[in-house]
Amino acid sequence: MVQDNVVVGIVYLSVALFCLPLHLVIIFILGGLANAGWIAMIMMVLVLALNRLEVVGEIRIISCATSTKMYTMLTFLSWMIGVAFFCCYLTPHTGMKYNHRNFYWSLEGEENITEALSDAETYSTIPALAIALLIYAKKALISTKKILSNQEIRILLQALIICGCIVLEICCWHWGDHFLPNSFYTPIVINTMWILENGALNPTLYLIMNKSIRRKFVDIVSFSKNYQLFVSANSVPTPISQNR
């Protein structure tokens, strides 16, 4: 019986020693993945702004034949920028490390490399956001109409909220020590903003400002009979004259 207990204890100890570093590695990878995805998302905001300039602003940047290829390439490039940052976070010199005591991630490592990577984040994301905001505001800035359409107002408002929130997050993340209170909750709030921007900001704005998306969402959550998740490719739409 004693030998069995010793064996069981050794097994549990081995599992614990194995899972502890594995747990830390997973958290380390998740932190880098989240921040790299956040950077890629900012680049995608710029790509979306260019697309809306063509669709809503009715300005043709390039020919229709190469438009799809261009946006595919820009999307791929945006994700590659995120992948590049993610690879940097996985190096032993710097990375996103989780503070278990205070419940937040922070960029830590060798001072010179960490500062260089932090500057790369700042000087790649803020110009991208500024350009995207100018593109979104293009029609409002040079429009000859005295009153903007509802669509233009919604798009401009959405751009202001997205760019404003992300710029605020960047300023708090990099320079928060200079103007934020030295409190236990300050880094927690900053990290919460960072997490919400990653996965909740854009969907929430689309849900609020886009009637089509909002209508579909309401149909889904209310289990409406009018909503069909899958539509048969062979289905023929009912002629308008037969609708009563």
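This one's a predicted model, so the numbers in the text were calculated from it and none came from an experiment. (Residues numbered from 1 in each chain as written. Predicted model: local features only at pLDDT ≥ 70, side-chain atom pairs only at ≥ 80, totals over all residues. Heavy atoms only, no water.)

J.: Describe the packing of aromatic side chains, naming the residues involved and giving the relevant values.
T.: Applying the stated criterion to the full structure yields 3 aromatic pairs. With a centroid separation of 6.4 Å and an interplanar angle of 35°, the aromatic rings of Phe85 and Tyr89 are classed as tilted. Taken together, the residues span about one helical turn, with Phe85 and Tyr89 both in helix H2 (residues 64-89) at a distance of 4 residues. Considered together, Phe85 and Tyr89 belong to a single accessibility category, that of buried residues. Geometrically, the ring pair formed by Trp173 and Trp194 is tilted, given 5.6 Å between the ring centres and 50° between the ring planes. (Phe/Tyr/Trp six-rings, centres within 6.5 Å; stacked < 30°, edge-to-face > 60°. Helix = DSSP H or I, 4+ residues; strand = E, 2+ residues; numbered from the N terminus. Buried < 20%, exposed > 50% of the residue type's maximum accessible area, 1.4 Å probe, protein only.)

J.: Any details on the UniProt feature "transmembrane region" (unreviewed entry) in the protein? Residues and values, ideally.
T.: UniProt marks residues 7-30, 36-53, 74-92, 122-141, 153-176 and 188-208 with the feature "transmembrane region" (unreviewed entry), using the numbering shown here. Taken end to end, residues 74-92 is 84% helix and 0% strand, and its first and last C-alpha atoms sit 30 Å apart. From the first C-alpha to the last, residues 188-208 spans 27 Å; its make-up is 95% helix and 0% strand. (UniProt positions renumbered as here; feature names shortened; annotations may be inferred.)

J.: Quick rundown of a nonpolar patch on the surface? Include the residues and the values.
T.: Taken together, the side chains of Phe76, Leu77, Trp79, Met80 and Val83 define a hydrophobic patch exposed on the protein surface, amounting to about 500 Å² of accessible area. Within the element layout of this structure, Val83 appears in helix H2. (Patch = residues over 30% accessible without salt bridge, like charges linked within 9 Å, V, L, I, M, F, W, Y side chains within 5 Å. Areas by Shrake-Rupley, 256 points an atom, 1.4 Å probe, with all protein chains shown as cover. Salt bridge = Lys/Arg side-chain N within 4 Å of Asp/Glu carboxyl O.)

J.: Describe the confidence of the model for the protein, and please don't skip the residues or the numbers.
T.: With 72% of its residues at a pLDDT of 70 or more, the protein shows a mean pLDDT of 76. Across the protein, helix H3 (residues 111-136) holds the top mean pLDDT of 88, while helix H4 (residues 138-142) sits lowest at 62. Across residues 235-244 the pLDDT falls below 50, and counting only partners more than four positions away or on other chains, this stretch makes 1 contact in the model. (pLDDT = per-residue confidence, 0-100. Contact = heavy atoms within 4.5 Å.)

J.: Describe the layout of surface pockets, and please don't skip the residues or the numbers.
T.: Of the voids in this model, the largest pocket is the one considered here, and its volume is about 560 Å³. Lining the largest pocket are 24 residues, and of these Cys172, Trp173, Gly176, Asp177 and Ile190 lie nearest its centre. Mapped onto the lining of the largest pocket, the elements with two or more residues apiece are strand S2 (104-109), H3, helix H5 (150-179) and helix H6 (186-199). Counting residues per element, the lining of the largest pocket draws most heavily on H5, at 6 residues. When its volume is computed, the second largest pocket comes out at roughly 180 Å³. Taken together, 10 residues form the lining of the second largest pocket, with Arg52, Arg154, Ile155, Met209 and Asn210 sitting closest to its centre. (1 Å grid on protein atoms, 1.4 Å probe; cavity = no way out; pocket = protein on both sides within 12 Å on 5 of 7 lines; lining within 4 Å. Points joined across faces, edges and corners; volume = space filled by probe spheres on them.)

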